[in-house]
Amino acid sequence: MKRTGPLIVLALVLVVAGAVAGHLLGRGEGPGGGDVKQLTAIVGSEKKPFFDDPAVKAALARHGWAVRADASGSRQMVTRTTGYDFAFPSSKAAAEEVRRHADPKGENVVVFSSPLAVATFQPIVDLLGSAKLAQRDSAQVWRLDLKALVDANRRNLKWTDIPGNTTRPVAQNVLVATTRPEDSNSAAMFAALLDKVTGGDLGAVAKLFTDQGAVDTTSEEPFESYLRRGTDFAPMVLIYEAQFVDHAVNQGLANGQTVLYPTPTLMCEHTIVPLSADGVTVAKLLASDQELQRLAAKHGFRTADSTLTAPVFAKVRPGDAALPDSIAGAVPDPDYDTQHSLLARLEEKMA
Amino acid sequence: MRRLGVAALAGVLLLGACTSKPKGSEPAASEGPFLKGSGTLRVLAGSELADLQPILDKARQATGVEVKLQATGTLDGVENVVSGNAAKSYDAIWFASNRYLQLHPGAGDKIGTATKVATSPVVLGLRESVAKQLGWVEHRPTWSEIAVAAGEHKFTYGMTNPASSNSGFSALVGVAAALSGTGAALGTEQIAPLTPRLRAFFAGQNLTAGSSGWLADAFTKNAVEKNDHAVDGLVNYESVILSLNASGKLPEKLSVVYPSDGAVTADYPLTLLAGVPEQTKTNYAAIADYLRRPSVQQEIMARTWRRPAVPNLALAPEFGPKGGGSLPELPFPGKLEAANALIGAFGDDLRKPARTIYVLDLSGSMKGERIEGLKNALIGLTGADTSLSGQFSRFNGREQVLMIPFSTKPGQVSRFDVPEDNFQPTLDQIRGYAAGLKVSGDTAIYDALFTAYDQAAALAKDDPDRFTSIVLLTDGEVTAGSRLDAFRSRVPQLAKVPVFTILFGEGNVAEMQQIADLTGGRTFDARTASLPAAFKEIRGYQ
């Protein structure tokens, strides 16, 4: 109790200072009548729904901020950061890459996390189960065996090669639809997983990408196609778990939509690179403000405080699958040097 | 005090804005306030997006941002983005797809945020009676079955040139991917083995064009005229086919054939160019937000027959396949080399070869800059133009090229038969011919056109299976020989060959338009653009 006095004084000072600075910098009138300052951010596409959420806008406005979020592949951001207050790529490695090509004004800030997952449909899961490519573990979480997937792809396993397949009689290779590793963090991280399970067989890794042909550059695009077109777009789509949870909680699951977790998987720490003084402030706010963290959890991201995440995840009931409480046995988010080297070699292999 | 003042002022402005607000600019109740910008968003766009103008007009009322579309062909657009030229005059690009663009090294650095606005698969539309006869109303054929039937001349269709237009390119990619049967994206080495089956598919094509819009118009005209050169259908966007059905202009509706092994889908990403100023980003965000609102997506679907880009919107019943059948996405080549090899193979190996007749004004007024422009234009088509669009507008293997120069009278006809392989020597001959063109005398436009038609008719006797077309370049009025009236009265007796006229110099615009209209051709404007650019654009129609 004794310490709250000075904190209140400090808060008051900050508020007054903020107001003065706001006037000096020419803040506009906010929707709630208070002053808000307009910032711009370049963010991984899967985080645009978060920033576009009226509740998030209101929460930011209460602190005096409005953020216009422009979507971009996390790796494309490297050349696109000019003029933005912060960049918000989707992993520590991607953030480090952005940082090295930008003029950061503060330390990188991890805001929330989300593991790689695969959006799919119950009949596809059953089919994958029968082909021994997926199985449900003791916690009822469906796992996609990446090693088995790579082996299947080595022999060009098509959907039509799976015995008893009446749900997807399409003569296309069994693949996970991804984005481009050179543009997008989710695909880059998937490459890291494949590299791991193949023991560095880059030819096999590259084939899982090149077999797909030309693909999208940001993670939200294929997920949107999944929601819109179902298996016609692709039977399996690489996503961040958050995208699926967000959809399940805020729109509702339909048509057998369900989720698989690649084994091994990888936790992506969505990280802000502050590019202006305001960016430093907002990064800290996003990472620490209880309301904003709660809203992030509502959009499916795993927050540092798991009590925020738990009630959201409890609402997600995809068919016979469960969401894992914790992401155990995950490959660590690779460091920048390892990841950079892998992606450079992969690009060469894919060319 | 100051705050109060600002608030009061804002209130007054708001009231003022309310009273002068035009109708229809209120956001739908569930969709939140419009984002605002100011000024314009200059967009280099595919020509077919012109049908979104009414939506863009409303977007302007809602956001304060005027979207100005400038139409361009696919390859020209890609080239302009990759070279950095697009960024000099435009803020954004908007094509049917970014997939081909993104195969180009460094393209990602030239563009920024992309927002998908609508989607449409490239499918086959067939006259209902023909679809029924083929049994394709109940049974959905594979692309392979479609190719076999086309090769056996069981139906004919129109399609755009893959080097000029995305719908043709997507169709080519789709049919090639489906026929390859590898289950993966097409590689360069898989193209050659597909040649016989793809040739069969393209043997059924009897209408071509450089743009989807013109193709649809030409198809409609053909259907209305009911002549003996009937075109049974179109390989085009589903949206074009459904729009034609909705237009009420077709004597017989088109049945949409959704190949059972899938299609390639356009997704219309409105894409910011790199390095634009802050205001432009704000304007872009406002327009992108507007276009993706569910109510606007509904309107785009209702007006243009494109499918929504956002999830959770029900499709109108006209959209197929019926009964919830699937339409898997076929893979698009992932390598530039493979995509380019496919476009190149189309021209040199796969398509029905062209008979291309150039009727060229060499009268005295063409001297100087004009004749030099003409020489450059022709030489460009022999492989000298190494730009992306130049590369794919070169005279093709198996093409027959005729040159009919004219001044006071039609001059000597020169014919160049480009062989299937090793075509450089013939291209060199065309180059030498073009370099040697000389000017003098009067302008006998119609006598020269008659010569062209005579040549076309004579050559068609032994070798009918070609796309034959005439290009007319003149820089002035007719001053010798027959006149337009004589031409008009003879058109019914002439072979069905379109004349593509070029508006140039002091040429008679109205007459050029009439010649094009009478023959089923179209005009190309070389008064504002260069002659080489016009000649390249015409290649899409030959």
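**Remarks on the overall build of chain B**
Part 1 of the reasoning: Check the secondary structure of chain B and you find 22 helices and 18 strands.
Part 2 of the reasoning: Relative to a compact globule of 542 residues, whose C-alpha radius of gyration would be 24 Å, chain B shows 25 Å and is just as compact.
Part 3 of the reasoning: Counting only C-alpha atoms, chain B reaches 85 × 55 × 45 Å along its principal axes.
Part 4 of the reasoning: Burial analysis of chain B (542 residues in total) assigns 51% to the buried set.
Part 5 of the reasoning: The long-range fraction of contacts in chain B, counting pairs at least 24 apart against all pairs at least 6 apart in sequence, stands at 79%.

**Describing the interface of chain A and chain B**
It is common to give the size of an interface as the accessible area that goes away when the parts come together.
Part 1 of the reasoning: The partner chain B presents 30 residues to the 32 residues of chain A that form the contact.
Part 2 of the reasoning: Broken down by secondary-structure element, the contributors of at least two residues to the side of chain A that touches chain B are β3 (65–72) and α9 (220–229) of chain A.
Part 3 of the reasoning: Its residues placed into classes, the side of chain A that touches chain B shows 7 nonpolar, 14 polar and 11 charged.

**Quick word on the sheet that holds strand β2 (residues 65–72) of chain B**
All names here are of chain B.
Part 1 of the reasoning: Reading across from one edge, β2-β1-β3-β11-β4 is the order of the 5 strands in this open sheet, with mixed pairing throughout. Whereas interior strands pair on both sides, the edge strands pair on one side only; in this sheet they are β2 and β4 (111–116). Direction aside, neighbouring strands of the sheet carry axes that sit 25° apart on average.
Part 2 of the reasoning: Bridging between strand β3 (residues 92–94) and strand β11 (residues 269–273) involves 3 bridges; their strand directions are antiparallel. Residue pairing across strands places Ile-93 opposite Thr-271, the latter belonging to β11.
Part 3 of the reasoning: Packing against the sheet, helix α13 (residues 278–291) makes contact with β1 (39–46), β2, β3, β4 and β11, and its axis sits at approximately 65° to β1.

**A look at the packing of helix α9 (residues 166–180) of chain B against helix α10 (residues 195–203) of chain B**
Residue and element names in this part refer to chain B.
Part 1 of the reasoning: Contact geometry for α9 and α10: axes closest at 10 Å, N-to-C directions at 140°. With respect to their mutual orientation, α9 and α10 come out oblique. In this structure, α9 crosses over α10, and the sense of that crossing is right-handed. Residues Val-175, Ala-176 and Leu-179 of α9 lie in contact with α10, whose contacting residues are Arg-197, Leu-198 and Phe-201.
Part 2 of the reasoning: Here the residues of the contact of α9 with α10 sort into 5 nonpolar, no polar and 1 charged.

**Quick look at the packing of helix α4 (residues 92–100) of chain A against helix α14 (residues 336–350) of chain A**
Residue and element names in this part refer to chain A.
Part 1 of the reasoning: For the pair α4 and α14, interaxial distance at closest approach is 9 Å and the crossing angle is 85°. Classified by the angle between their axes, α4 and α14 sit roughly perpendicular to one another. The residues of α14 that touch α4, namely those facing Ala-93, Glu-96 and Glu-97, are Tyr-336, Gln-339 and His-340.
Part 2 of the reasoning: When its residues are assigned to classes, the contact of α4 with α14 shows 2 nonpolar, 2 polar and 2 charged.

**Observations concerning the nonpolar core**
Part 1 of the reasoning: The biggest cluster of nonpolar side chains holds 259 residues, and the ones touching the most others in it are Val-118 of chain A together with Ala-176, Leu-342 and Val-359 of chain B.
Part 2 of the reasoning: Residue contacts for Leu-342 of chain B: discarding those within four places in its chain leaves Leu-172, Val-173, Ala-176, Leu-186, Ile-191 and Pro-333 of chain B.

**Examining the pairing of β11 of chain B**
All names here are of chain B.
Part 1 of the reasoning: The buried fraction of β11 is high, at 5 of 5 residues.
Part 2 of the reasoning: Alternating residues of β11 divide into Pro-269, Thr-271 and Leu-273 and Leu-270 and Leu-272, and every residue in both groups is buried.
Part 3 of the reasoning: Summarising the sheet, β4 and β11 pair through 4 bridges and their orientation is antiparallel. The partner of Ile-111 across the bridge, within β11, is Leu-273.

**Remarks on the sheet that holds strand β16 (residues 467–473) of chain B**
Residues and elements named next belong to chain B.
Part 1 of the reasoning: Pairing is mixed across the open sheet formed by 6 strands, whose spatial order is β15-β14-β13-β16-β17-β18. Among the strands making up the open sheet, the edge pair consists of β15 (414–417) and β18 (523–525). Direction aside, neighbouring strands of the sheet carry axes that sit 20° apart on average.
Part 2 of the reasoning: Direction of pairing for strand β13 (residues 354–361) relative to β16: parallel, over a ladder of 7 bridges. For Arg-355, the partnering residue across the bridge sits in β16 and is Thr-468.
Part 3 of the reasoning: Packing against the sheet, helix α19 (residues 445–462) makes contact with β13, β14 (400–406), β16 and β17 (499–503), and its axis sits at approximately 160° to β13.
Part 4 of the reasoning: Packed on one face of the sheet, helix α21 (residues 509–519) meets β16, β17 and β18 and runs near 165° to β17.

**Regarding the confidence of the model for chain A**
Part 1 of the reasoning: When the pLDDT values of chain A are averaged, the result is 91; 90% of them are 70 or greater.
Part 2 of the reasoning: Confidence over residues 12–27 of chain A falls short of pLDDT 50; this stretch has 10 contacts with residues more than four positions distant or in other chains.

**A closer look at α14 of chain A**
Residue and element names in this part refer to chain A.
Part 1 of the reasoning: Look at α14: 21 Å from first C-alpha to last across 15 residues, which is about the 21 Å you get at 1.5 Å a residue.
Part 2 of the reasoning: Restricting attention to buried positions, one finds in α14 the residues Gln-339, Leu-342, Leu-343 and Leu-346. Viewed along the axis of α14, the buried residues span an arc of 95°, placing them on a single side of the element. Projecting away from the buried face of α14 at angles above 90 degrees are the exposed residues Asp-337, Ser-341, Ala-344 and Glu-348.

Procedures and definitions
- Sequence order as written defines residue numbering, which begins from 1 separately in each chain.
- A letter from A marks each chain and a number from 1 marks each ligand, given out in the order of writing.
- Reporting in this predicted model follows two pLDDT cut-offs: at least 70 for local features of residues, and 80 or more for side-chain atom pairs to be given and counted; totals over whole chains, interfaces and linings ignore these cut-offs and use all residues.
- Here a helix means four or more residues in a row that DSSP labels H or I, a strand means two or more in a row labelled E, and each is numbered from the N terminus.
- All radius of gyration figures rest on C-alpha atoms, and the globule criterion is 2.2 Å times the number of residues raised to 0.38.
- Counting other C-beta atoms within 10 Å of its own, a residue is labelled buried from 20 upward, exposed at 12 or fewer, and partly exposed in the gap between, with every C-beta atom placed from the backbone.
- By the convention adopted here, residues make contact when the C-beta atoms placed from their backbones lie within 7 Å.
- Gly is placed with the polar residues, together with every amino acid not listed as nonpolar (Ala, Val, Leu, Ile, Met, Phe, Trp, Tyr, Cys and Pro) or charged (Asp, Glu, Lys and Arg).
- In short, DSSP must find at least two bridges between two strands for them to pair.
- Lines fitted to C-alpha atoms define the axes here, with helix axes fitted over just the stretch in contact, and angles between the N-to-C directions of these axes take values from 0 to 180 degrees.
- We call two directions roughly parallel when the angle between them is under 35 degrees, roughly antiparallel when it is over 145, roughly perpendicular when it lies between 65 and 115, and oblique otherwise.
- Whether a crossing is left-handed or right-handed is set by the direction in which the near helix is turned from the far one by less than a right angle, anticlockwise for left-handed and clockwise for right-handed.
- Any set of buried Ala, Val, Leu, Ile, Met, Phe, Trp, Tyr and Cys residues joined through C-beta atoms within 7 Å is what this text calls a nonpolar core.
- A score between 0 and 100, pLDDT records how confident the predictor is in each residue.
- An expected span of 1.5 Å times one less than the residue number is assigned to each helix.
- The directions considered for the arc run from the helix axis to the C-beta atoms.

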